[in-house]
Amino acid sequence: MKDLKYLYEFEKLLESANNPLVQQACAEGKHALAYTCYHMPEVLLNTGDCFSVRLRAPLTGSLDISSYYMSNFICDYCKSLLERGIEGGYNFLSALLATETCSEMNRALEHFELLHLVDNEQFFVTFLDMPFKVTDNTVRHYVDQLRRKVLEPLHEVYGVDVSDDALRKAVAEHNEVCEIISEIAEMRKLDNPIITGYEFQVIQLCSLVCPKELILPMLKETAKELKTRKPDKKSPFRCKVVLAGSENDDPEFTKLIEGCGAEVVCDRHCYGAVESRAPIVVKDGEKPLTAIARHYLETSNCPRFMPQDIMRERKQRLADLAKEYKADGIIVASNKFCEYWSYERTIDTIVMPRDFGYPVCSIEKEYINGASGQLRTRFQAFVESIEIKKIQEGK
């Protein structure tokens, strides 16, 4: 297929957390607000003169210093953020907004405050107390947390407009980005998709880490370009897969999978578009903050929600996505030492083939992908097993 016009620029934007668009927005006096978890509503961090940056640590090298402060048995994603922070890689931030959802991440992010890692006197770190259930009471608690831990500090420290009108405007802008990404995602459902999994992940990541108003024109033009893009007459891929799992901000991992013959047609991981690009609906008479809290609680598919019925709903959701995107199998990848997803990945490996008939490739990977040879062997074997399954079924 013909290369996308902005693909190279998108790739360059992902080489650093402090990318050129982030630098431009900061130079214009806007406040960069970092977050790592879906439960910190992205839309709230784009209120007033603020913009959200979902935190990454691309091109991370040694983790010796962060391991000293934490442990060798902590998720490399958490340690990579701390390592990059110690190196001074996040001095452009105005605040770091976190959630009490992962104890390993909490340990990493609290060091930003304890070690004064950001050279900004007004910089602050805040943590939300996140509910484990979705009820009217937990929505009210979530609203209270968002108001006290996010909106009020932003207003007090930086004078950010956090009125209902400002929140409604932020929701409208957020939904515009969601509409474009969702429109592109629909193109992956074609028998011969006109966009690869790698290309889609690059675009989705840019929508998470760049100021929305600066990346939006490029996203719009890319969506328009894709409508006239012609696919290869014969697909270079041998099967289609859904990629599920924990935090994954490395498009090279997706490229590795696709290089083995499996086209990634859907992303059901923490940085994917399935949940994060669902539009937010504000009901008649509903406060925008309540609508935001309800939306993020109801759409989350995080394995921290542990009741059996909710766990079963997640499996059904994964099976439904595989059917919707015409996938032949599922790859579930978790970062090493990720507590929640280590359990979820193990359960998926058993439940998805047994109850839904989808073969699963279970991968525990490093945040810094240094074992590409071993992973390539696993993915090639998985693709071959899917092909054998098709032959046996007469497809």
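About the cut-offs
Residues numbered from 1 in each chain as written. Predicted model: local features only at pLDDT ≥ 70, side-chain atom pairs only at ≥ 80, totals over all residues. Heavy atoms only, no water. Helix = DSSP H or I, 4+ residues; strand = E, 2+ residues; numbered from the N terminus. Rg over C-alpha atoms; globule rule 2.2 N^0.38 Å. Contact = heavy atoms within 4.5 Å. Axes fitted to C-alpha atoms, helices over the stretch in contact; angles between N-to-C directions. Parallel < 35°, antiparallel > 145°, perpendicular 65-115°, else oblique. Left-handed = near helix turned anticlockwise from the far one by under 90°. Buried < 20%, exposed > 50% of the residue type's maximum accessible area, 1.4 Å probe, protein only. Pairing = 2+ DSSP bridges. Right-handed = clockwise from strand over helix to strand, strands pointing away. Phe/Tyr/Trp six-rings, centres within 6.5 Å; stacked < 30°, edge-to-face > 60°.

**Student:** Tell me about the overall build of the chain, and name the residues and values.
**Tutor:** Counting its regular elements, the chain contains 14 helices and 8 strands. Relative to the compact-globule value of 21 Å for 395 residues, the chain shows a C-alpha radius of gyration of 21 Å, a close match. Principal-axis analysis of the C-alpha atoms places the extent of the chain at approximately 65 × 45 × 40 Å. Across the chain, contacts joining residues at least 24 apart in sequence account for 75% of those joining residues at least 6 apart.

**Student:** I'd love a proper account of the packing of helix H10 (residues 251-259) against helix H14 (residues 372-392), names of residues and values included.
**Tutor:** Between H10 and H14, the shortest axis-to-axis distance is 9 Å and the interhelical angle comes to 45°. One finds that H10 runs oblique with respect to H14. Crossing angle aside, the handedness with which H10 passes H14 is right-handed. Between H10 and H14, the contacting residues are Phe253, Leu256 and Ile257 on the first element and Ser372, Leu375, Arg376 and Phe379 on the second.

**Student:** How would you sum up the pairing of strand E6 (residues 262-269)? Please name residues and give values.
**Tutor:** Most of E6 is tucked away, with 8 of its 8 residues classed as buried. With 7 bridges joining them, strand E5 (residues 239-245) and E6 adopt parallel strand pairing. The residue of E6 that forms the bridge with glycine 245 is histidine 269. Handedness of the crossover joining E5 and E6 through H10: right-handed.

**Student:** Before we move on, could you go through the sheet that holds strand E4 (residues 124-128) and cite the residues and values that matter?
**Tutor:** The 4 strands are arranged E2-E1-E3-E4 in an open sheet whose pairing can be described as parallel. Strands with a single pairing partner mark the edges of an open sheet, and in this sheet they are strand E2 (50-54) and E4. Pairs of neighbouring strands in the sheet enclose a mean axial angle of 25°, with direction left out of account. Of the strand pairs in this sheet, strand E3 (residues 93-99) and E4 are connected by 5 bridges, and their pairing is parallel. Counted as the bridge partner of alanine 95 is phenylalanine 124 from E4.

**Student:** Quick rundown of unusual backbone geometry? Include the residues and the values.
**Tutor:** The phi torsion at histidine 116 lies on the positive side, around 50°, for a residue other than glycine. Mapped onto the secondary structure, histidine 116 falls in the loop between helix H5 (103-114) and E4. Taking the relative accessible area as the measure of exposure, histidine 116 reaches 66% and is therefore exposed.

**Student:** Outline the packing of aromatic side chains, supporting the account with residue identities and numerical values.
**Tutor:** Applying the stated criterion to the full structure yields 9 aromatic pairs. Geometrically, the ring pair formed by phenylalanine 253 and phenylalanine 379 is edge-to-face, given 5.8 Å between the ring centres and 75° between the ring planes. With phenylalanine 253 in helix H10 and phenylalanine 379 in helix H14, the pair connects residues that are 126 residues apart, well separated along the chain. Across the pair, exposure class does not vary: phenylalanine 253 and phenylalanine 379 are buried alike. Members of the aromatic cluster, each reached through a chain of ring pairs, are Tyr77, Tyr271 and Tyr367.

**Student:** Which residues make up the pairing of E5, and what are the values?
**Tutor:** Along E5, 7 of the 7 residues are buried, which leaves the element largely enclosed by surrounding structure. Residues Cys239, Val241, Leu243 and Gly245 of E5 are buried on one face, and the alternating residues Lys240, Val242 and Ala244, pointing to the opposite face, are buried as well. Summarising the sheet, E5 and strand E7 (residues 329-335) pair through 5 bridges and their orientation is parallel. When the sheet's bridge partners are listed, leucine 243 is paired in E7 with isoleucine 331.

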